[in-house]
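So you can see what is in the structure, the chains are spelled out below.
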Amino acid sequence: MQIVEVTPRVWDRILTVRSGRACTCCGRFSDTERAALDLYGPLARRDLGPMTFAQIGQSLDGRVATASGDARDVSGPEGLAHLHRLRALVDGVVIGVGTALHDTPRLTVRLCSGHNPARIVIDPRGRLPDDAPVLRDDGARRVVVQSVRRPRPDGVEVLHLPLTDGRLDPAAILQGIRNLDIGSLLIEGGGSTITNFLEDGLLDRLQVSVSPLIIGNGPQGLTTRSPVDRLSDAIRPDTRVFNIGGDIVFDCALAPRAAAACRPLHTAQDGRERNGMLIA
Ligand SMILES: NC(=O)c1ccc[n+]([C@@H]2O[C@H](COP(=O)([O-])OP(=O)(O)OC[C@H]3O[C@@H](n4cnc5c(N)ncnc54)[C@H](OP(=O)(O)O)[C@@H]3O)[C@@H](O)[C@H]2O)c1
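What you are looking at is a predicted structure, and each value in this text was computed from that prediction instead of being measured. Within every chain, residues take consecutive numbers counted from 1 along the sequence as written. Two thresholds apply to this predicted model, a pLDDT of at least 70 for residue-level local features and 80 or more for giving and counting side-chain atom pairs, whereas whole-chain, interface and lining totals are computed over all residues. Here the side-chain values reflect all heavy atoms present in the structure, with hydrogen atoms and water set aside.

1. Overview of the packing of helix α2 (residues 31-44) against helix α3 (residues 77-88)
Angular values range over 0 to 180 degrees, each being the angle between N-to-C directions of two axes fitted as lines to C-alpha atoms, with helices fitted over their stretch in contact. Secondary structure follows DSSP: runs of H or I at least 4 residues long count as helices, runs of E at least 2 residues long count as strands, and numbering of each begins at the N terminus. One can describe the packing of α2 onto α3 by two numbers: an axis separation of 10 Å at closest approach and a directional angle of 30°. Comparing the axis directions of α2 and α3 gives the class roughly parallel. For the crossing formed where α2 meets α3, the hand is right-handed. Facing α2, whose interface residues are Leu 39, Tyr 40 and Leu 43, α3 presents His 82, Arg 85 and Leu 86. Grouping the amino acids of the contact of α2 with α3 by side-chain chemistry returns 4 nonpolar, 1 polar and 1 charged. Roughly parallel refers to an angle under 35 degrees, roughly antiparallel to one over 145, roughly perpendicular to one between 65 and 115, and oblique to any angle outside these ranges. Here a crossing is called left-handed whenever its near helix is offset anticlockwise from the far helix by less than a right angle, and right-handed whenever the offset is clockwise. Two residues qualify as a contact provided that any one of their heavy atoms is within 4.5 Å of a heavy atom in the partner residue. Side-chain classes are defined by residue name, with Ala, Val, Leu, Ile, Met, Phe, Trp, Tyr, Cys and Pro counting as nonpolar, Asp, Glu, Lys and Arg as charged, and the others, Gly among them, as polar.

Pasting the structure below:
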């Protein structure tokens, strides 16, 4: 397990990787800063095409909130900072309307430097009120994916998709978002929205952050529609493990290019860096 420390200078490097102007491997960094580059570098890279990854924060007993719906601090302060860093590394953040209604998140980047991503809510039946914080006009793009004909306030983009058996096709959602020129995506929750993308094989990477608390009851993290009967059929991703503050992050590569993203960006095969790359 690697212990992660995100100092200002390593975070600066990670944001420079995101802008395509730096590699993940060169430079003098401490072991804990290197661990930060190992954790965030693959998510910051843009050379392998737009990636889709999900993150969920849960307790030791696998809960993402209490039975009464309190989900604010399942992750400790470092876990929250981690979530804001993930937002800063993507072009768009996707949530289900359940999370938008329960948690009223803003989905902005406040606990680290970086740009606010586009905010996308999957709301097939048009339940999200127009004054929800996630739709507030602060310069970031706002998109609602819905199947009903419900007008939205000026500036909010609507992606219309049909329901099939009560469900929007997750692949069509991804394609629709990409057609809006929103590339890399963080699926931030809740569990059912993440599971929809996971079961349809659409996630490149999944991060499960486990915090040391026991809630005892409440919504479970990931529950699939078609669970396996035999452990030998379980999904067993290539997993790296990181310690951030009190939390343990299981970083799972689900697609081959997610594993490829963990290899150094600058391979130095011929001793030269890529065009225009900053290597300190
Ligand atoms: N700890 C964490 O990391 C974390 C993160 C986020 C949320 N949470 C917690 O998770 C809970 C909410 O999670 P949740 O799983 O119940 O809800 P959710 O995933 O936020 O939203 C689910 C709803 O979104 C819509 N939806 C999403 N994908 C769809 C698809 N492919 N087709 C059709 N509809 C789709 C449906 O809306 P309709 O019902 O209108 O059809 C569905 O019921 C809350 O307690 C929240 O606090 C925890």
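2. Observations regarding the site of the ligand
A molecule or strand has a residue near it when one of that residue's heavy atoms lies within 4 Å. Taken together, 25 residues are adjacent to the ligand, and Gly 57, Thr 99, Asp 103, Ser 192 and Thr 193 come closest. Within the side chain of Asp 103, an N or O atom sits 2.7 Å from an oxygen atom of the ligand. Within the backbone of Gly 191, a nitrogen or oxygen atom sits 3.4 Å from an oxygen atom of the ligand. Note on areas: Shrake-Rupley, 1.4 Å probe, and residue coverage restricted to the protein chains presented here. Within the complex, 83% of the 920 Å² of free accessible area of the ligand lies under protein. Here a polar contact is recorded for every N or O atom pair within 3.5 Å, except that within protein the pair must consist of a potential hydrogen donor and a potential acceptor, and residues adjacent in sequence are included only if both atoms are side-chain atoms.

3. A few points about unusual backbone geometry
In this model, Gly 189 is joined to Gly 190 through a cis peptide bond whose omega is -5°. With respect to the helices and strands, the residue Gly 190 is situated in the loop between β7 (185-189) and α6 (191-199). Of note in this structure, Thr 104 is not a glycine but carries a positive phi near 40°. In this structure, Thr 104 sits in the loop between α4 (97-103) and β4 (118-122). In this model, Asp 181 sits at a positive phi of 70°, which is unusual for a non-glycine residue. With respect to the element layout, Asp 181 can be found in the loop between α5 (170-179) and β7.

4. A look at the sheet that holds β4
Pairing within the open sheet is mixed, and its 10 strands lie in the order β1-β9-β10-β8-β2-β7-β3-β4-β5-β6. Unpaired on one side and paired on the other, β1 (2-3) and β6 (156-160) mark the two borders of the sheet. With 5 bridges connecting them, strand β5 (residues 142-146) and β6 associate as parallel partners. Within β6, the residue paired with Gln 146 across the bridge is His 160. Relative to the sheet, α3 contacts β2 (52-58), β3 (92-96), β7, β8 (205-210), β9 (238-244) and β10 (247-253), its axis offset from that of β7 by approximately 145°. The sheet strands contacting α6 are β2, β3, β4, β7 and β8, and the helix crosses β7 at an angle near 135°. Two strands pair if DSSP finds at least two bridges between them.

5. Examining the environment of Leu 101
In this structure, Leu 101 sits in helix α4. The buried label applies to any residue whose accessible area, calculated with a 1.4 Å probe on protein chains only, is under 20% of its type's maximum; exposed applies above 50%, and partly exposed to all values in between. Under the relative-accessibility criterion, Leu 101 is labelled partly exposed at 35%. When the C-alpha atoms of Leu 101 and Pro 129 are compared, they prove to be 8.6 Å apart, with 28 residues separating the residues in sequence. Those residues within four positions of Leu 101 in sequence are excluded, and the remaining contacts are Arg 127, Leu 128 and Pro 129.

6. Structural notes on the packing of helix α1 (residues 8-18) against α2
For the pair α1 and α2, interaxial distance at closest approach is 9 Å and the crossing angle is 20°. Between α1 and α2, the angle is such that the two are roughly parallel. Handedness of the α1/α2 crossing: right-handed. Along its contact with α1, which presents Arg 9, Val 10, Trp 11, Arg 13, Ile 14, Val 17 and Arg 18, the element α2 presents Glu 33, Ala 36, Leu 37, Tyr 40, Gly 41 and Ala 44. Residue composition of the contact of α1 with α2, grouped by class: 8 nonpolar, 1 polar and 4 charged.

7. Notes on the side chain of His 84
Relative to the helices and strands, His 84 is located in helix α3. Take His 84: its relative accessible area is 3%, and that puts it in the buried class. There is a polar contact of 2.9 Å between the side chain of His 84 and the backbone nitrogen of Arg 110. If we skip the residues at most four places from it in the chain, His 84 touches Thr 108, Val 109, Arg 110, Leu 111 and Cys 112.

That's the geometry; what it means functionally is another story.
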